[in-house]
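Chain residues, written in single-letter form:
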Amino acid sequence: MNVIETLKLAKRYGRRWALEDCTLALPAGRVVALVGPNGSGKTTLLHLAVGLMSQTSGTVTVLGGSRPGSQDALDRVGFMAQSTALYRNLSVEDALRVGRNLNRRWDNALALERLRERDIPLDRKVGKLSGGQQSQVALALVLAKRPDLLILDEPLAALDPLARHEFMSALMAAVAADGLSVVFSSHVVAELENVCDHLIVLSGGRVQVAGDVDDLTASHQVLAGPAEEAGALAASLPVVRQQWAAAQTQLLVRAGSGEPLPPGWQSHGVGLEELVLAYLREPSASVLPGPRPAATAAAESKGAWA
Ligand SMILES: Nc1ncnc2c1ncn2[C@@H]1O[C@H](COP(=O)(O)OP(=O)(O)OP(=O)(O)O)[C@@H](O)[C@H]1O
């Protein structure tokens, strides 16, 4: 099952396209990182997936075919907006009460346990808590919905490094305990490595990279060697990014040809951060090896997109 599936999804604000020709299939059971520069369309994509706005064209479904905003999706999708969107004048206890009244699958005991573990006082007004505590309250509330899919829009943006670490630990513990699927957008590229197992990079409203992290890192490598031979080598390989340092050149390439490297050249593997930064710096480079959405396959078999 795909937890989010889009087919040629597009959104226009006035005359400006925020998202274009977006075809994705995000498999269940993964922690998906959605990365891209400011204004690349991350929030737009997430808001379309939770049904907070409607698309200009194309389709989007969640959890194997539900329409965003439908009762099934409302019950099973948890969403944490960019600004945690809590009522600042409510006490934590009252925020729990509101959640309990609004959600059919609400697990109050789970929320209380999470808050107690983090020493968050239930009688304190949400607005009087620190930013880190507020994000922990928001996480406790959204997890109390017992979602099958959790969508988080830049959950780390306002947090210091320690609070970021605590937030991600709490999130990963919940993923391990409940097996839920997570999609989150983030600018904190350095911290994705140990967290996500699927990656989407958006650039200028278009999908630039999509795939499982293991596949992406296995299908790229860095070649380093003398600058004078770099041109000929680069011409024969799919180069994502080329960098120069003194007499050395580094090429980040997609799966090499298997041909032996010229003398003086070495290759090594690539980490997720290096890979993401290379694609962010080269918006014209693209790799889309992710699984084909079922909807795409169905449409193609009917000749709809021929
Ligand atoms: N309500 C709106 N009205 C008009 N244009 C909008 C609106 N919301 C977003 N946009 C534009 O759509 C594009 C994509 O915005 P979006 O917020 O989806 O990007 P983002 O990748 O989430 O950015 P950031 O990382 O800064 O949060 C941007 O050019 C933005 O200016």
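Calculation criteria
Per chain, residue numbering runs from 1 following the sequence as it is written. At least 70 in pLDDT is required for a residue's local features to be given in this predicted model, at least 80 for side-chain atom pairs to be given and counted, and no such filter applies to totals for whole chains, interfaces and linings, which use all residues. Derived side-chain values reflect all non-hydrogen atoms in the structure, with water molecules and hydrogen atoms excluded from consideration. How sure the predictor is of each residue is captured by pLDDT, a score from 0 to 100. Contacts are assigned to residue pairs with any non-hydrogen atoms lying within 4.5 Å of each other. Salt bridges, as used here, are contacts in which a Lys or Arg side-chain nitrogen is within 4 Å of a carboxyl oxygen on Asp or Glu. By the criteria applied, helices consist of DSSP H or I runs no shorter than four residues and strands consist of E runs no shorter than two, each listed in order from the N terminus. For every residue, the accessible area obtained with a 1.4 Å probe (protein chains only) is divided by the maximum for its type, and the residue is called buried under 20%, exposed over 50%, and partly exposed between those limits.

Engineer: Teacher, can you tell me more about the confidence of the model for the chain here?
Structural biologist: Low pLDDT means the predicted coordinates in that region are not meant to be read closely. For the chain, the mean per-residue pLDDT works out to 88, and 93% of the residues sit at or above 70. Long-range and interchain partners of residues 296–306, a stretch whose pLDDT sits below 50, account for 10 contacts in this model, where long-range means more than four residues apart.

Engineer: Help me out: how do you make sense of the pattern of salt bridges in this one?
Structural biologist: Under the counting rule described, the total for this entry stands at 13 salt bridges. Linking Asp 21 and Lys 8 is a salt bridge whose minimum nitrogen-to-oxygen distance equals 3.6 Å. Residue Asp 21 is located in strand 2 (residues 16–27), and its partner Lys 8 is located in strand 1 (residues 2–13); the two are separated by 13 residues in the primary sequence. Under the relative-accessibility criterion, Asp 21 is labelled partly exposed at 42%. Residue Lys 8 is classed as partly exposed on the basis of its relative accessible area of 34%.

Engineer: Which parts of the structure should I look at to understand unusual backbone geometry?
Structural biologist: Among all residues except glycine, the phi angle is most often negative; among peptide bonds, the trans geometry is most common. For Leu 63, which is not glycine, the phi torsion reads 50 degrees and is therefore positive. With respect to the secondary-structure elements, Leu 63 resides in the loop between strand 4 (57–62) and helix 2 (71–76). The class of Leu 63 is buried, set by a relative accessible area of 5%. Not every positive phi belongs to a glycine, and Glu 154 is a case in point at roughly 45 degrees.

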